[in-house]
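Structural description and commentary
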Amino acid sequence: MTHQVPAERPRSGQACRADPEKVAAALRVAAGWGPYFVIETGPGGRGTVLASLYSATGAVDLTELVEHHARRLGTAELRVAASLLFQGFAARLWSPVLGCAAAGVVPDLDPDQLHWWRASPLGLRIARAGGWQPPGRSDHTGLAVRAVVQDNLYPFAQALRRVVRIAEGLLWGAAASALVGAVQMLQGDELSAARDLAAEVLEQPALRGTTILLDRDPLRVRRRSCCLYYRVPGGGLCGDCPLERVPRRA
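Now for a quick tour of the structure.

About the cut-offs
Residues numbered from 1 in each chain as written. Predicted model: local features only at pLDDT ≥ 70, side-chain atom pairs only at ≥ 80, totals over all residues. Heavy atoms only, no water. Axes fitted to C-alpha atoms, helices over the stretch in contact; angles between N-to-C directions. Helix = DSSP H or I, 4+ residues; strand = E, 2+ residues; numbered from the N terminus. Parallel < 35°, antiparallel > 145°, perpendicular 65-115°, else oblique. Contact = heavy atoms within 4.5 Å. Buried < 20%, exposed > 50% of the residue type's maximum accessible area, 1.4 Å probe, protein only. Pairing = 2+ DSSP bridges. Salt bridge = Lys/Arg side-chain N within 4 Å of Asp/Glu carboxyl O. Expected span 1.5 Å × (residues − 1). Phe/Tyr/Trp six-rings, centres within 6.5 Å; stacked < 30°, edge-to-face > 60°. Lys NZ or Arg CZ within 6 Å of the ring centre and 35° of its normal. Left-handed = near helix turned anticlockwise from the far one by under 90°.

**Some remarks on the packing of helix H4 (residues 78–99) against helix H7 (residues 188–201)**
- Packing of H4 against H7 leaves a shortest axis separation of 9 Å and a crossing angle of 125 degrees. As the angle between them shows, H4 and H7 are arranged oblique. Residues Trp 94, Val 97, Leu 98 and Gly 99 of H4 form the contact with H7, whose own contacting residues are Glu 190, Ala 194, Leu 197, Ala 198 and Val 201.

Here it is, written out as C-alpha cells:
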C-alpha cells in the first residue's frame, strides 16, 4: 500500500495560535501519563534537530540511529529495527498530541524546532511551547495530522526508506498502531477526547486502510501489516497483529 501524503499543509479553518502558557500547561498534564507523553521545553544544546535528520544530509546520522536500535533489539535485520524505531517515534509524537486534546490545543511539532536528544527512551525537546487552538473537531483533526504526519512522520518515513529497504505500507501501519496504543494509555476526560480524535485521524488519507476497526469504545484495531516484532530475539506477535501465528523461518 502506498500512501501519498501531500506536501502542502491542510487548511485549518479559523484556527489561531494558542497561548503558549496554555500549551505548556497542557503538555505538563500530558506528561503525567508516562514518558511517551513528555516533550521537554526550555533552551538547551542537546540533540539533533529533526529537520536535519529527515534531510538527505542526515542519512549518516539516521543510519547510525537504525544500527544502534538494531543492536539494542539484538537483531541484524535493519528493516526490523527501522520498523520498530518508526513505531516508537510515532508513539512519541502521537502521545503528547492526544494528551493535549482534552485541553483543546494541538502542540506545534515543527521539525525545525523539535530536538531528538536521546535514543532510548526517545527524548523530545523544544525550546518554547507553542501550538494552535482549533475552533472545531475537523480543525483539530487536520492540525493533528499536520503536526504529526505531514511535518514529521512523512519526511521521516521517506528518510528511512532512503537508508533501509522497508515497505511504506508497513510504516504507516506502525503509525496507526502507535496512535491507538497512545489512546489506550489514557483515562477519563483525556481518554474520551483522545479516542474521538484518534478515530477521526484513522480515517484521514495517510492512515486510511492501514487498520480494521474492531471496536470504537474502547478503541481497538487490527493492523493490515505486521511490524516484524516477532523477528526480534524473544519477540512475538503484538495484540493488533494481522498474523495468527509466528511464521516459520526458512
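**Quick notes on the pairing of strand E9 (residues 219–223)**
- Residue alternation in E9 divides its side chains into a buried set, Leu 219, Val 221 and Arg 223, and an unburied set, Arg 220 and Arg 222.
- Across five bridges, strand E8 (residues 211–216) lies against E9 in antiparallel orientation. Residue pairing in the sheet places Thr 211 in a bridge with Arg 223 of E9.

**Topic: the pattern of salt bridges**
- The full count for this structure, using the stated rule, is eight salt bridges.
- With a shortest N-O distance of 3.4 Å, Glu 200 and Arg 137 are connected by a salt bridge. A residue pair is termed long-range when its members are at least 10 positions apart, and Glu 200 in helix H7 and Arg 137 in helix H5 (residues 137–163) qualify at 63 residues.
- For Glu 168, the salt bridge identified is with Arg 161, shortest N-O distance 3.9 Å.
- Connected via shared salt-bridge partners are Arg 137, Asp 196, Glu 200 and Arg 216.

**Digging into the sheet that holds strand E4 (residues 106–107)**
- As summarised here, the arrangement of the three strands in space is E1-E7-E4, forming an open sheet in which the pairing is antiparallel. At either end of the open sheet lies a strand with only one pairing partner, and these are strand E1 (16–17) and E4.
- Note that E4 and strand E7 (residues 131–133) share two bridges and pair antiparallel. Counterpart to Val 106 in the pairing with E7 is Trp 132.

**What about H7?**
- A rise of 1.5 Å per residue sets the reference length of H7, with its 14 residues, at 20 Å; its end C-alpha atoms lie 20 Å apart and thus fit the reference within 8%.
- Taken together, the buried positions of H7 are Glu 190, Ala 194, Arg 195, Leu 197, Ala 198, Ala 199 and Val 201.
- For H7, the elements touching its buried residues are helix H1 (20–31), H4, H5, helix H6 (168–183), E8 and E9.

**Describing the packing of aromatic side chains**
- Tallied over the entire structure, the rule returns six aromatic pairs.
- Between Phe 86 and Phe 156, the aromatic rings sit 5.8 Å apart at their centres with planes inclined by 10 degrees, giving stacked as the arrangement. Of this pair, Phe 86 sits in helix H4 while Phe 156 sits in helix H5, and the two are 70 residues apart along the sequence. This pair shows no difference in class: Phe 86 is buried, exactly as Phe 156 is.
- Look at Phe 89 and Phe 156: their rings are 4.8 Å apart centre to centre, the planes differ by 70 degrees, and that puts the pair in the edge-to-face class. One end of the pair, Phe 89, is in helix H4; the other, Phe 156, is in helix H5, with 67 residues separating them in the sequence.
- With relative accessibility at 0%, the residue Phe 156 sits in the buried group.
- Its guanidinium or amino end placed over the ring of Trp 132, Arg 17 lies 4.8 Å from that ring's centre, counting from NZ or CZ.

**Focus on the packing of H4 against H5**
- With their axes 10 Å apart at the nearest point, H4 and H5 run at an angle of 165 degrees to one another. What the angle tells us is that H4 and H5 run roughly antiparallel. In terms of crossing hand, the pair formed by H4 and H5 is right-handed. Along the contact surface, H4 presents Ala 82, Leu 85, Phe 86, Phe 89, Ala 90, Leu 93, Trp 94 and Val 97, while H5 presents Ala 144, Val 148, Val 149, Asn 152, Leu 153, Phe 156, Ala 157 and Leu 160.

**As for unusual backbone geometry**
- Cis peptide bonds are those with omega within 30 degrees of zero, and the linkage from Asp 217 to Pro 218 qualifies with 0 degrees.
- Along the chain, Pro 218 turns up in the loop between E8 and E9.
- Of note, the phi angle at Leu 228 is positive, near 80 degrees, even though the residue is not glycine.
- Counting through the fold element by element, Leu 228 comes out in the segment after E9.
- The buried category is assigned to Leu 228, whose relative accessible area is 7%.

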